[in-house]
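# Structural overview for review
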Amino acid sequence: MTTPVEPSHLTSHLGYWLRYVSNHVSYAFARKLEDRGVTVAEWVMLRELYGVNAIAPSRLSEQMGMTRGAITKLADRLIAKALITRNANPQDARAQTLELTPSGRDLVPELSALADRNDAEFFGHLTPDERQSLERVLKDIVARRGLTSSPIN
């Protein structure tokens, strides 16, 4: 008879600690955005649109790592909030583009400041070297795993 192997504890996994921190960082940021009437997914789209004049939804889909259907639903919500517009593409009448409204453009720096504040609340105690090391390790994992979709949930 073999002795059963004791299963590893949850806390012995790096994934547990990454998820633990990520959940708390994300939840705190979502609450800050909620006060401005925007979700995390909407923030990501607004930020992607900032600095571009107009972009095809298919291109935005590639950049954000989301399906075209998900981009359409997200765009519909932001259009309803008057933060983006959907327009006919001047080069191809069958195609559409998305772009920020003036209200959307004005909102992005405010939301970006909330993201900065959220980061400072969770990571402000790290030294610049610690922060650089953590960022380097996380980016290395992203690169090695070929991760491409935007973290919106």
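What comes next concerns the included structure. Source: prediction; values computed, not measured.

The next thing to look at is the pattern of salt bridges. On inspection of all chains with the given rule, the structure shows 10 salt bridges. Among the salt bridges present, the one from arginine 77 reaches glutamate 42, with a minimum N-O distance of 2.9 Å. In this pair, arginine 77 is assigned in helix α4 (residues 68-80) and glutamate 42 in helix α2 (residues 40-49), connecting sequence segments 35 residues apart. Overall, arginine 77 belongs to the partly exposed group, its relative accessible area being 38%. Lysine 81 serves as the salt-bridge partner of glutamate 42, at 2.7 Å between the closest nitrogen and oxygen.

This next bit is on a nonpolar patch on the surface. A cluster of nonpolar side chains, Leu18, Leu134, Val137, Leu138, Ile141, Val142 and Leu147, forms an exposed patch at the surface whose accessible area comes to about 550 Å². Ranked by residue count, the leading element in the nonpolar patch is helix α6 (residues 128-145), at 5 residues. Topologically, valine 137 is positioned in helix α6. Since its relative accessible area comes to 44%, valine 137 is described here as partly exposed.

With that settled, consider the pairing of strand β1 (residues 84-89). Two faces, one strand: in a regular strand the side chains alternate between the faces of the sheet. Pairing geometry for β1 and strand β2 (residues 92-100), over 6 bridges, is antiparallel. Bridging across to β2, alanine 88 finds its partner in glutamine 96. Connecting the antiparallel pair β1 and β2 is a turn made up of 2 residues.

Once that is clear, we can look at the side chain of serine 61. Residue placement: serine 61 occurs in helix α3 (residues 57-64). Taking the relative accessible area as the measure of exposure, serine 61 reaches 8% and is therefore buried. Leaving out residues up to four positions away in the same chain, serine 61 has contacts with Met66, Thr67, Arg68 and Ile71.

Right, let's get into α6. Taking 1.5 Å per residue, 18 residues should reach 26 Å; α6 reaches 26 Å between its end C-alpha atoms and fits that length. Once α6 ends, the next one or two residues include glycine 146, with phi positive near 65 degrees.

Reading the values: the criteria
- Once a new chain begins, its residue numbering starts again from 1 and follows that chain's sequence as written.
- Where local features are concerned, this predicted model is filtered to residues with pLDDT of at least 70; where side-chain atom pairs are given and counted, the filter is 80 or more; whole-chain, interface and lining totals use all residues.
- Only heavy atoms go into the side-chain values, all of them from the structure, while hydrogens and water stay out.
- Here, a salt bridge means any Lys or Arg side-chain nitrogen found within 4 Å of an Asp or Glu carboxyl oxygen.
- Each helix corresponds to a stretch of at least 4 residues labelled H or I by DSSP, and each strand to a stretch of at least 2 residues labelled E; elements are numbered beginning at the N terminus.
- Burial classification: accessible surface area is computed with a 1.4 Å probe over protein chains only, and a residue below 20% of its type maximum counts as buried, one above 50% as exposed, and the rest as partly exposed.
- Surface patches are drawn from residues lacking salt bridges whose relative accessible area is over 30%; two like charges belong together within 9 Å, two nonpolar side chains (Val, Leu, Ile, Met, Phe, Trp, Tyr) within 5 Å.
- Every accessible area reported is derived by Shrake-Rupley at a probe size of 1.4 Å, with residue values counting cover from the shown protein chains alone.
- Note: two strands are recorded as paired if DSSP finds a minimum of 2 bridges between them.
- What makes two residues a contact is simply this: any of their non-hydrogen atoms within 4.5 Å.
- A helix is expected to span 1.5 Å for every residue after the first.

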